[in-house]
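# Observations on chain architecture
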Amino acid sequence: MNRLLIANFMRVKKNKLFWALCGVMSLVSLFMIVNAIVNNDSQIDNAMCMFVIPVEIAAAVFISIFFGTEYGDGTIRNKLVVGHDRRQIYFANSITAAASGLVLSAAYMLPIVILGFPAVALPTVEAVKIVAVGVLTLFAFCSLFTMVSMIYSNKAGATVVNLVLAFLLLIAASWLCAKLMAPEFYTAHGTGGGSEYVRNPNYVSGIARTILQTLCDLLPSGQAIQFSMGVSSPLWALSLYSMGVCAVCTAAGVVVFYKKDIK
């Protein structure tokens, strides 16, 4: 598998789209820093913790096109012809996708380290922990996008599917977080000029709340939104969920790719 990884990394190194996306990630990060300075924000935590959302969208584009090109150019077929095992090919591509996501994350963090820390403030310990867990969340996204790209051999189709999937997951996670963040009580003004606490009919409680919170924690997009809005679940639990998503997506992708008819 070492040869497969070396070949993949050499292709990534020469890939113009990849470096263009790295540049975009740096620009997004730079915008966040400028916004923090303009608003006199004393912390850089928000800019750091929201990195998963832009990076996962960039990863969806890159992974789809990168592996779709392998199908279009016949690279996958050639790897099989020279004797590489399908599982080795899949695992090598999974590692390549994860490594690419890590470099995209580094491109996002670079302006924060160079400009953000001196201009705004050093991050809190909690923000550093969130970034570490966020890397695992990003790996879960990369596993999902790799699974789709390795199963669906059409480059344009895989790109569309992964992008739609990325945005649908973010929309679903936003809805879950909005439901969970609804307050149990809100203040209402009485007829006598006073105020009183009124129970919010939209507040989710009991088993329904447990189910929604579990779904929000399980979805990588739910974790990404929590990182930017405030984490309500233990970070160790989110890490386990991310590793579980990686394992499930990789296992499903390997099984389907192993049986796939590659012409």
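Provided above is the structure to which this section pertains.
Treat the numbers as computed from the prediction; the structure is a model and nothing was measured. Every chain's residues receive numbers from 1 upward, in the order its sequence appears when written. Totals for whole chains, interfaces and linings use every residue, but because this is a predicted model, local features are given only for residues with pLDDT of at least 70 and side-chain atom pairs only at 80 or more, for both listing and counting. Only hydrogens and water are set aside when side-chain values are computed; all heavy atoms of the structure are taken into account.

Helix and strand definitions here come from DSSP, where helices need a minimum of 4 consecutive H or I residues and strands a minimum of 2 consecutive E residues; each element is numbered from the N-terminal end. Here the expected span of a helix is defined as 1.5 Å times the quantity of residues minus one. In this model, helix α11 (residues 235-259) (25 residues) spans 37 Å end to end at C-alpha, consistent with the 36 Å of a helix rising 1.5 Å per residue. Any residue under 20% of the maximum accessible area for its type is buried, any over 50% is exposed, and the rest in between are partly exposed; the area is computed with a 1.4 Å probe on protein chains only. Listing the buried residues of α11 in full gives Leu 235, Ala 237, Leu 238, Ser 239, Ser 242, Val 245, Cys 246, Cys 249, Thr 250, Gly 253, Val 254 and Phe 257.

As a further point, take the environment of Met 243. Here Met 243 shows up in helix α11. The exposure class assigned to Met 243 is partly exposed, which follows from its relative accessible area of 44%. Remark: the alpha-carbon pair of Met 243 and Ser 153, spanning 90 residues in sequence, is separated by 26 Å.

The subject of this paragraph is a nonpolar patch on the surface. Among the surface-exposed residues, Leu 27, Leu 30, Val 34, Val 38, Leu 110, Val 113, Ile 114 and Leu 115 lie close enough to one another that they form a single nonpolar patch of about 720 Å² accessible area. Only α2 (16-38) and α6 (86-119) provide two or more residues apiece to the nonpolar patch. Among the residues examined, Val 113 registers a relative accessible area of 47% and is labelled partly exposed. Patches draw on residues past 30% relative accessible area with no salt bridge. Two like charges within 9 Å are joined, as are two nonpolar side chains (Val, Leu, Ile, Met, Phe, Trp, Tyr) within 5 Å. Areas reported here follow the Shrake-Rupley algorithm with a probe of radius 1.4 Å; residue values treat only the protein chains shown as occluding. Note on definitions: salt bridges are taken to be side-chain nitrogens of Lys or Arg within 4 Å of carboxyl oxygens of Asp or Glu.

This brings us to the pattern of salt bridges. According to the stated counting rule, one finds three salt bridges in the structure shown. Residue Glu 70 pairs with Arg 11 through a salt bridge whose shortest N-O separation is 3.0 Å. In this pair, Glu 70 sits in helix α4 (residues 52-72) while Arg 11 sits in helix α1 (residues 2-14), placing the two residues 59 residues apart along the sequence. Assessed through its relative accessible area of 27%, Arg 11 is described here as partly exposed. The residue Lys 79 makes a salt bridge to Glu 70 at a minimum N-O spacing of 2.8 Å.

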